[in-house]
Amino acid sequence: MTEAATQVELDGQYRALREEAGFLARDRAALLVSGADAAEYLQGQLTNDTEALDPESGCYAALLDRKGHLSSDMRVLRLENGELWLDLEPAAADGVLKHLRTYSIGREVEIEDVTERWAIISLIGPRSGELSGFDGLGPEHTQRFRQWDGIDVPGVATDVGIDLIVNAEDAAALEGMLGAAGAVQVTDEAAEIVRVESGRPRFGLDMGPEHMPAEAGIVERAVNFEKGCYIGQEPVARLHYRGKPNRTLRGLRLSAPDGVSARVHGDPLRLGKKEVGTIGTACLSPAHGAIALAIVRREAEVGEHLAVGDESTTAEVVELPFV
């Protein structure tokens, strides 16, 4: 397929995600936390209020080190039976699993890696609820259960649609039912455009162990300042109440579409002769052109123009979200 034909196909998938509904399988890790002390235990480990979660609700949270830097972000779902489901990037799963098991000694808690048993199919777009039978599900992280042609399907509201969680062996059948219902199968590349436009960073691409939540722009969603102590709380609270992060998540408008390629990720950003950050996720949005996410130093203010990589491309710093 030619580059032009590929772009036309991507544009069609993007329109489906913005105007109708598109679906794709997600590569995610899943940890199941159970036992009488599960919620109380996670309360002392994660940045958000897990004890306050009712069954069939959830939140976004992070696990930090003692200096307040990110070890992983994750979605925490309180299931109907009271167990807690942690949904996170696969690359971070081993470290999170080891940490949680190490600090759970002496508590009535079991942490199990259930990644291989389950599949997550994301449905993105304004018709997601209608086409999946989960119409009206919300707000974000709210859960509901249904049977669809004999398959047990929990649905979870997301910021852009519905996530469907099924047994791994039922994933192909569910994808077939979504297609028959009118949803369009899309690529990771198309879904990433929607994520970048929404201004939501991804662990391992836009943020990592060198960043604090405030630098990654996730404090509002991930941190509860009224709950009890958790690992890394003191530096996070000190920065929130007394300081200002030296770096901030921003959007970038790149000067040329050909600047959007695999080589862009990690390319340095310079303001004058000073390096102020590196490119995170870059994409070519049909609605906004060549755009990217990046955590940049505070002197790279909105409106500044930065040199990218070998300086053949420039980037204008903009507020998030793009949409």
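Residues numbered from 1 in each chain as written. Predicted model: local features only at pLDDT ≥ 70, side-chain atom pairs only at ≥ 80, totals over all residues. Heavy atoms only, no water.

**Q** Whenever I open this one, the sheet that holds strand β2 (residues 29-34) confuses me. Can you help?
**A** Strands pair in a sheet through their backbones, by hydrogen bonds, and they do so in one of two ways: parallel or antiparallel. If you trace the 5 strands from one edge of the open sheet to the other, you get β3-β4-β5-β2-β6, paired in antiparallel fashion. In this open sheet, the two edge strands, each paired with only one partner strand, are β3 (57-64) and β6 (110-113). Put simply, the sheet's adjacent strands are angled 25° from each other on average, direction ignored. Pairing geometry for β2 and strand β5 (residues 84-88), over 5 bridges, is antiparallel. When the bridges of β5 are listed, Leu32 appears paired with Trp85. (Pairing = 2+ DSSP bridges. Helix = DSSP H or I, 4+ residues; strand = E, 2+ residues; numbered from the N terminus. Axes fitted to C-alpha atoms, helices over the stretch in contact; angles between N-to-C directions.)

**Q** Can you walk me through the packing of aromatic side chains in this structure?
**A** Each pair of aromatic rings is reported with the distance of its centres and the angle of its planes. Across all of its chains, the model carries 2 aromatic pairs by this definition. Taken together, a centroid distance of 5.8 Å and an interplanar angle of 75° make the contact between Trp85 and Trp118 edge-to-face. Here Trp118 lies in strand β7 (residues 118-124) and Trp85 lies in strand β5, a separation of 33 residues in the sequence. A relative accessible area of 5% places Trp85 in the buried class. For Trp118, a relative accessible area of 31% puts it in the partly exposed group. Measuring from centroid to centroid gives 5.6 Å for Phe225 and Tyr241, while their planes differ by 70°, and the two rings are edge-to-face. Here Phe225, found in the loop between α8 (219-222) and α9 (233-242), pairs with Tyr241, found in helix α9; they are 16 residues apart in sequence, far enough to count as distant. We note Arg221 situated over the ring of Tyr60; from NZ or CZ to the ring centre the distance is 4.1 Å. (Phe/Tyr/Trp six-rings, centres within 6.5 Å; stacked < 30°, edge-to-face > 60°. Buried < 20%, exposed > 50% of the residue type's maximum accessible area, 1.4 Å probe, protein only. Lys NZ or Arg CZ within 6 Å of the ring centre and 35° of its normal.)

**Q** What's the story with helix α3 (residues 90-103) in this structure? I'm lost.
**A** Because an α-helix completes one turn every 3.6 residues, residues spaced three or four positions apart along the sequence face the same direction. Taking 1.5 Å of rise per residue, the 14 residues of α3 would be expected to cover 20 Å, and the 21 Å separating its terminal C-alpha atoms lies within 8% of that figure. Turning to α3, its buried residues are Ala92, Ala93, Val96, Leu97, His99 and Leu100. (Expected span 1.5 Å × (residues − 1).)

**Q** For this particular structure, what's the right way to read the side chain of Asp267?
**A** In this fold, Asp267 is placed in the loop between β12 (247-254) and β13 (268-271). With residues near it in sequence (within four places) discarded, Asp267 still touches Gly277, Thr278, Ile279, Val308 and Gly309. (Contact = heavy atoms within 4.5 Å.)

**Q** Would you mind going over the sheet that holds strand β1 (residues 22-26) with me for this structure?
**A** Strand order in this open sheet of 6 strands is β8-β9-β10-β7-β1-β11, and the pairing throughout is mixed. The outermost strands of the open sheet, each flanked by one partner alone, are β8 (143-148) and β11 (184-185). Bridge count between β8 and strand β9 (residues 151-157): 6 bridges; the pairing is antiparallel. Looking at β9, one finds that Phe145 is bridged to Pro154. Running over the sheet, helix α5 (residues 171-181) touches β1, β7, β8, β9, β10 (161-167) and β11 and is turned about 15° from β7. Running over the sheet, helix α6 (residues 188-198) touches β1 and β7 and is turned about 105° from β1.

Keep in mind that these numbers describe shape and distance, not what the molecule does.
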